[in-house]
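Take a look at the letters that make up each chain.
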Amino acid sequence: MPAEFNAERAQFYPSNDLAYAWFKDRVIEVLTTWQDADIKDINDCIEVHECKRTIEVHEHIFSESQIDVLHSRARTLFGLACKHASLLLKTASITDLYGMLEIQYCEQIWDFLVASDLYKQIDCDDFLRLLLGNPHTFGDIVKHKPLVDAFNSEITSAFIDNANIAAELIIRLLGSDNHFDGYIVLPKSLKNPAIDEMMLSYLESPNANLNYVRVLETWPREALNAYKPSADVLVSAKKSVSRLTAELFQSDAITSMRYGVGVLISPDQKPCKGIAVKGSTYTLSFSAEWLSAYTDPGTILNNFIYVFDFVDSHGLLMAPSNKHERNALVETLGVHVREEYPKSMSFNMRNTQALSIVLAYRRFLLEAGTRLEEAVEWFFNDYIEDEFGISGFSISLPTEETSMFDKCKSIGPEIERVVKAFQLFVDRGEIDSDYFRHMQIKHFESLPSLLGKKYLVEGKSLFRYGNALFSDQSMLAHCPDHRSFRSFIDAITTNDLTIADFYEGCSASLEELVNEGFICISVDGFIEATPKTKLLYRVWQRGAFPMCLLPEELKATVDGLISERMLEYSEHLLTPNEADYMNFMFNDAKFSNSMALRNRYDHADGAVSDPNSQGIEHDYCYLLTLLICLVLKINEELSVFTGKGGVEDFVDWPWIDEKMLNDILTRMPQGQE
């Protein structure tokens, strides 16, 4: 077994690791003072290599007068280290050397042996003994192609003998988003059938980890070139997920926390909408009197804007997930599948809310003698041409007598039909149906906009300052004399705070934020967010900001943010978050964990025992939700583009149940409004 950890030893860290300069003084000490006699064992050899890597990659942290000397000394000492390690390998086995390692160098030994070419001196049988006795080394070794190529059969044999360990390793390194920046190489002799056998063995074992089994169930396309799971593996993984999930939540060790959303259309409620909160669940209530009094197609669709809140005050869809809404600490825990859609508890509740509204409203309208689908058909078949003078849009939704299963099969192509029509109108100025057969809609983010520079969206450089200003993991979100806040901007907008209220170590960061114009100090000495920070926060929270709503006084500020690549213009119908949501729900072209509702009903996803089951009805209402979202986005776009459309007169009707709203706000913690 390796020796104890030696904290004094130098270690190389890449540029994206904040500890990359931690061992600067130790690197200088080793490279300027060590001689041949100082290199005594394998740990000394590895440390020399770590110092050499540090000076080569992080030259900027050393003074210019030192650089040439340090480079020269690094080359000299590395040569001496290679010579010493070569002698060690002639007198000791690789297993013996591994046992002499200090713990911090268990991974770095392979970096050194590959960089020095000394791995070629290792005996194959001895290498196999090392693997069999130390299967935890598998993950370090497969990151080095020369090692895998040189010991192909030995690694394959060790993997097969340790099937469960190897299976979990392959899942973790190939299928999960585990923040590993490099790549791994599997031995060429380890073929797909052999890996399938390992996976099936792992899935049947009592030690199968639910996190890894979920990754295997939704195996990402990015990993298919290295390993393509068989149908047996994928089906077994799906069943194992169900079994392990049931076992997990039946365990006495699990404390359940219930979060939920309900929808009620109330015959006793006068205001259009209200809300009741009980613990961590809430119920949205809507007035049956209002909904039944106005069932014309225009009002039905407007209800999704003004009553059901499918869009926010800036016209952005409410349901989509935003990558920044997931708690940063929680994000680092567990195992996440590569290419997964960034679901969160908040997203699940919003998406369930949208489904529940469509489901309840559709049933309510049927009882009132009309259909929600008829309003959608009216919009595409009549309203667009009558109001905007644009011909060529059309849609044909299934009749009420059609089974839910057949409704699901038929609505997918209709979604594509209206999307193709919109793209043709933007691209060509007219809708010629002869082009439809030559078009393929695979990614919703490709849909163009009639409006130049329609949205401001997040740029590549926003994270640098956005993380400090808006992240829940920013050091600026914590004050010694105050509670921890959701973020720094939450702290300064809900409290009167001064520079002195923060930890002394934050002073340099606060000074930089002042100098860069993100915060300012009021005449009373309090920290305030500047208008540009408030704009950035809106983009950070919602993923976009419509240019048509940008105040004139901020346009010069936006130009600067664009040049700094903190923001970018988007000229698409949907924001990035909205497009990702549509992709996640509709097909499997982008995300490994997609609901892929279109694909599910296009490709015989399974046997159908009840074509009107509740699950199938929910899928249909999800697809109907996507279609309604497109109605709202296309209507907004055509209205802004033509200057026509919109609501002329609002009915004088109570809008919100003020008593319910006040009860909620009085119970809500400060800053949560």
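Everything below is about the structure shown above.
Not measured: the values here are computed from a predicted model.

Asks: Looking at this model, I keep getting lost on the overall build of the chain. Mind explaining?
Replies: When its secondary structure is counted, the chain shows 28 helices and 8 strands. Along the longest, intermediate and shortest principal axes, the C-alpha atoms of the chain span 90 × 70 × 55 Å. The buried share of the chain, reckoned over its 673 residues, is 49%. Taking contacts inside the chain between residues at least 6 apart in sequence as the whole, the part at least 24 apart equals 70%. Of the roughly 32700 Å² of accessible surface on the chain, a fraction of 50% belongs to carbon and sulfur atoms. Positive and negative side-chain charges in the chain, numbering 61 and 100 respectively, have mean positions lying 3 Å apart.

Asks: Is there a simple way to think about the pairing of strand S3 (residues 281-287) in this case?
Replies: Two faces, one strand: in a regular strand the side chains alternate between the faces of the sheet. In terms of burial, S3 is largely enclosed, as 6 of its 7 residues are buried. Across 7 bridges, the pairing between strand S1 (residues 260-266) and S3 is parallel. Counted as the bridge partner of Val261 is Tyr282 from S3. Hairpin geometry of strand S2 (residues 273-278) and S3 is characterised by an intervening segment of 2 residues between the two adjacent antiparallel strands and by a positive phi of about 65 degrees at Gly279.

Asks: I'm lost on the state of the cysteines in this one. Help?
Replies: One covalent bond between the sulfur atoms of two cysteine residues makes up a disulfide. All chains considered together, the criterion is met by 0 disulfides. For the unlinked cysteine Cys479, the closest cysteine sulfur is that of Cys506, found at 8.1 Å. With a relative accessible area of 4%, Cys479 lands in the buried category.

Asks: Please clarify how the sheet that holds strand S8 (residues 567-570) should be interpreted in this entry.
Replies: Sheets are built from strands paired through backbone hydrogen bonds, the pairs being either parallel or antiparallel. The strand order S7-S4-S8 describes an open sheet built from 3 strands, whose pairing is antiparallel. Since the sheet does not close on itself, it has two edges, and those belong to strand S7 (544-546) and S8, each with one partner. For this sheet, the mean angle separating the axes of adjacent strands, direction not counted, is 30 degrees. Bridge analysis of strand S4 (residues 455-458) against S8 gives 4 bridges, and the strand direction is antiparallel. Note on S8: the bridge partner recorded for Glu458 is Leu567.

Asks: Looking at this structure, how should I read a nonpolar patch on the surface?
Replies: A surface patch of nonpolar side chains, about 200 Å² in accessible area, is lined by Ile499, Val514 and Ile521. Tracing the chain through its elements places Ile521 in strand S5 (residues 519-521).

Asks: I tried to follow the nonpolar core on my own but got confused; where do I start?
Replies: Taken as a class, soluble globular proteins show a tendency for nonpolar side chains to be buried jointly. Residues Phe304, Phe308, Phe310, Val376, Phe380, Leu627 and Ile628 are the most contacted members of the largest nonpolar core, which totals 88 residues. Per-element tally for this core: the top contributor is helix H27 (residues 614-642), with 15 residues. Ignoring any residue separated from it by four or fewer positions in sequence, one finds Phe310 in contact with Phe304, Leu316, Leu317, Met318, Ala354, Ile357, Val358, Thr625, Ile628, Cys629 and Leu632. The next biggest cluster of nonpolar side chains, apart from the first, holds 85 residues, and it includes Phe62, Leu88, Phe138 and Leu186.

Asks: Mind showing me how you'd approach the packing of helix H15 (residues 297-306) against helix H17 (residues 345-367) here?
Replies: For any two helices packed against each other, the geometry is given by the interaxial angle and the distance between the axes. It is at 13 Å that the axes of H15 and H17 come closest, and there the two elements cross at 155 degrees. Judged by the inter-axis angle, H15 sits roughly antiparallel to H17. Two packed elements cross with a definite hand, and for H15 against H17 that hand is right-handed. Of the residues in H17, those in contact with Ile300, Asn303 and Phe304 of H15 are Ile357, Val358, Tyr361 and Leu365.

Asks: It is not clear to me how helix H5 (residues 108-115) should be interpreted in this structure. Could you clarify?
Replies: An α-helical segment advances 3.6 residues per turn. Residues three or four places apart therefore align on the same side. Where burial is concerned, most of H5 is hidden: 7 out of the 8 residues are buried. If you check which residues of H5 are buried, you get Gln108, Ile109, Trp110, Asp111, Phe112, Leu113 and Val114. The elements touched by buried residues of H5 are helix H2 (42-57), helix H3 (64-91), helix H4 (94-100), helix H6 (124-133), helix H7 (138-141) and helix H8 (145-150). Remark: Asp117 follows H5 within two positions and exhibits a positive phi of approximately 65 degrees.

Asks: It is not clear to me how helix H23 (residues 531-542) should be interpreted in this structure. Could you clarify?
Replies: Here H23 is 12 residues long and its end C-alpha atoms lie 17 Å apart, about the 16 Å a rise of 1.5 Å per residue gives. For H23, every residue scored as buried is listed here: Lys532, Thr533, Leu535, Leu536, Arg538, Val539, Trp540 and Arg542. Taken from the residues just after H23, Gly543 is the one with a positive phi, measuring 85 degrees.

Asks: What exactly am I supposed to notice about the packing of H17 against H27 here?
Replies: Put simply, H17 and H27 touch, their axes get as near as 9 Å, and they point 100 degrees apart. The orientation of H17 relative to H27 falls into the category roughly perpendicular. In contact with Asn351, Thr352, Ala354, Leu355, Val358, Leu359, Arg362 and Arg363 of H17, H27 contributes Glu617, His618, Tyr620, Cys621, Tyr622, Leu624, Thr625 and Ile628. The residue makeup of the contact of H17 with H27, split by class, is 9 nonpolar, 4 polar and 3 charged.

Asks: Where do I start with the environment of Ser287 in this structure?
Replies: Of note, Ser287 is situated in strand S3. Judged by relative accessible area, which is 0%, Ser287 ranks as buried. Measuring from C-alpha to C-alpha, the distance between Ser287 and Leu450 comes to 37 Å, with 163 residues separating the pair along the chain. Ser287 has contacts with Ser266, Gln269, Lys270, Pro271, Cys272 and Trp653, leaving out every residue within four places of it along the chain. Here Gln269 takes part through its backbone oxygen, which lies 2.9 Å from a polar atom of the side chain of Ser287. Within the structure, Ser287 has its side chain in polar contact with the backbone nitrogen of Glu289 (distance 3.3 Å).

Reading guide: rules and limits
- Throughout this document, residue positions are counted from 1 along each chain, in the order its sequence is written.
- pLDDT decides what is reported in this predicted model: residues at 70 or higher carry local features, side-chain atom pairs at 80 or more are listed and counted, and totals for whole chains, interfaces and linings draw on all residues regardless.
- Processing note: side-chain calculations cover all non-hydrogen atoms of the structure and skip hydrogens and water entirely.
- Secondary structure is summarised from DSSP: a helix means a run of H or I of at least four residues, a strand means a run of E of at least two, and numbering begins at the N terminus for each.
- Under the scheme applied here, a residue whose accessible area is under 20% of the maximum for its type counts as buried, over 50% as exposed, and between as partly exposed, the area being computed with a 1.4 Å probe on protein chains only.
- Contact criterion: two residues are considered in contact whenever any of their non-hydrogen atoms come within 4.5 Å of each other.
- All accessibility values rest on the Shrake-Rupley procedure with a 1.4 Å probe; residue burial counts only the protein chains present in the view.
- Counted as positive: Lys and Arg. Counted as negative: Asp and Glu, with His and the chain ends omitted from the count.
- The atom standing in for a charge is NZ when the residue is Lys, CZ when it is Arg, CG when it is Asp and CD when it is Glu.
- Any two strands with at least two DSSP-identified bridges between them are counted as paired.
- Note on terminology: pairs of cysteine sulfur atoms within 2.5 Å are recorded as disulfides.
- Axis angles are defined between N-to-C directions and span 0 to 180 degrees, where every axis is a line fitted to C-alpha atoms and, for a helix, only to the segment in contact.
- Patch rule: a residue counts if its relative accessible area is over 30% and it has no salt bridge; like charges are joined within 9 Å, and nonpolar side chains (Val, Leu, Ile, Met, Phe, Trp, Tyr) within 5 Å.
- The term salt bridge refers to a side-chain nitrogen of Lys or Arg lying within 4 Å of a carboxyl oxygen of Asp or Glu.
- We define the nonpolar core as a collection of buried residues of types Ala, Val, Leu, Ile, Met, Phe, Trp, Tyr and Cys that are connected through side-chain atoms lying within 4.5 Å of one another.
- Any angle between 65 and 115 degrees counts as roughly perpendicular, while under 35 counts as roughly parallel, over 145 as roughly antiparallel, and the rest as oblique.
- Here a crossing is called left-handed whenever its near helix is offset anticlockwise from the far helix by less than a right angle, and right-handed whenever the offset is clockwise.
- For a helix, the expected span equals 1.5 Å multiplied by the number of residues minus one.
- Nonpolar residues are Ala, Val, Leu, Ile, Met, Phe, Trp, Tyr, Cys and Pro. Charged residues are Asp, Glu, Lys and Arg, and all others, Gly as well, are polar.
- In protein, a polar contact requires one atom able to donate a hydrogen and another able to accept it; more generally it is a pair of N or O atoms within 3.5 Å, and residues adjacent in sequence count only if both atoms are side-chain atoms.

These results come straight from atomic positions and should not be treated as a statement about function.
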